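# A look at the structure
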Amino acid sequence: MKKQLGKAAAVAAGLLLTMQAFGADTIGASGGDPDAAALHALWNAYEHAVATKDAPALLRMYVSADAPVMGGFAPRSYALVTAANKQPVPRTLLITAKEDVAGEVKLPPDQIENLDIHSDGEVGSISFDYRAKVGHGRIVWTTVLTNDGWKIASVVYSINLPAADRAGTAG
C-alpha cells in the first residue's frame with residue numbers, strides 16, 4: 001500500500017512539474033476555476049486536432065471561419081525578408097481561420113512552451129511560445145465564451161525566422 005501511495009505521489013508531482021515547466025496555470029486549472037479548466041480543455045482539443053490533422057475539428061474551435069489570424073515579422077526577420085525580396089513586403093500577414101487551419105494540418109506540430117491562460121469569465125486569452133522549422137515566436141489567442149463554449153475569436157503571432165537567428169539577427 002505504501003509503495004502505491006509513493007508511486008501515486010511521484011506521478012502527481014511529475015504532472016505538477018510538467019505543467020509548471022510549460023507555464024500552465026495550475027492554480028486556475030485545478031483550483032475550481034471552471035473557465036480556466038474549459039480554456040485548458042480548448043487548448044488540449046487544439047493540440048489533439050493538430051496532432052491528428054483534424055482540420056474540421058480545428059475550424060470548429062473558432063467563432064467563425066473568417067476569424068482573423070495575423071502574423072507580424074520581428075524587426076530583423078522583416079529586414080531579412082525585405083532584403084531577400086529586393087523590395088518592401090507587408091510587415092504583417094493577415095489570413096482567416098479557415099486558411100490558417102488548412103496550413104496548420106500540413107505542418108508537423110510545433111514545440112510549445114510557456115502556456116499562459118487567463119479569463120474574466122466572458123473573454124480570455126491563451127498564449128504560448130512556439131518553435132517550428134519555419135520559425136519561432138509567440139502566439140496569442142483571444143477567446144470568448146459563446147453558447148457553444150469557449151471559442152477562438154482571433155489569433156496574433158510573431159514571426160522570427162531561423163535565417164535571422166543563424167545570421168545573429170534574431171529579433
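As a reminder, the structure under discussion sits directly above these lines.
Residues numbered from 1 in each chain as written. Predicted model: local features only at pLDDT ≥ 70, side-chain atom pairs only at ≥ 80, totals over all residues. Heavy atoms only, no water.

## Looking at the nonpolar core
Formed by 26 residues in total, the largest nonpolar core has its most connected members in Leu42, Trp43, Leu58, Tyr62, Ile126, Phe128 and Trp141. Sequence-distant contacts of Phe128, that is, excluding residues within four places in its chain, are made with Trp43, Ile112, Glu113, Asn114, Leu115, Gly137, Arg138, Ile139 and Trp141. With six residues, the next largest nonpolar core counts Phe73, Tyr78, Val81 and Ile159 among its residues. (Core = buried A, V, L, I, M, F, W, Y, C linked by side-chain atoms within 4.5 Å. Buried < 20%, exposed > 50% of the residue type's maximum accessible area, 1.4 Å probe, protein only. Contact = heavy atoms within 4.5 Å.)

## Overview of the pattern of salt bridges
According to the stated counting rule, one finds one salt bridge in the structure shown. When the shortest N-O distance is used, the salt bridge between Arg138 and Asp129 registers 2.8 Å. The partly exposed category is assigned to Arg138, whose relative accessible area is 27%. (Salt bridge = Lys/Arg side-chain N within 4 Å of Asp/Glu carboxyl O.)

## Re the side chain of Ser77
Checked against the element boundaries, Ser77 lands in helix H5 (residues 75–85). Within polar-contact distance, the side chain of Ser77 engages the backbone nitrogen of Leu161 at 2.9 Å. Not counting residues up to four positions away in its chain, the partners in contact with Ser77 are Ile159, Asn160, Leu161 and Ala164. (Helix = DSSP H or I, 4+ residues; strand = E, 2+ residues; numbered from the N terminus. Polar contact = N/O pair within 3.5 Å; in protein donor to acceptor, adjacent residues only side chain to side chain.)

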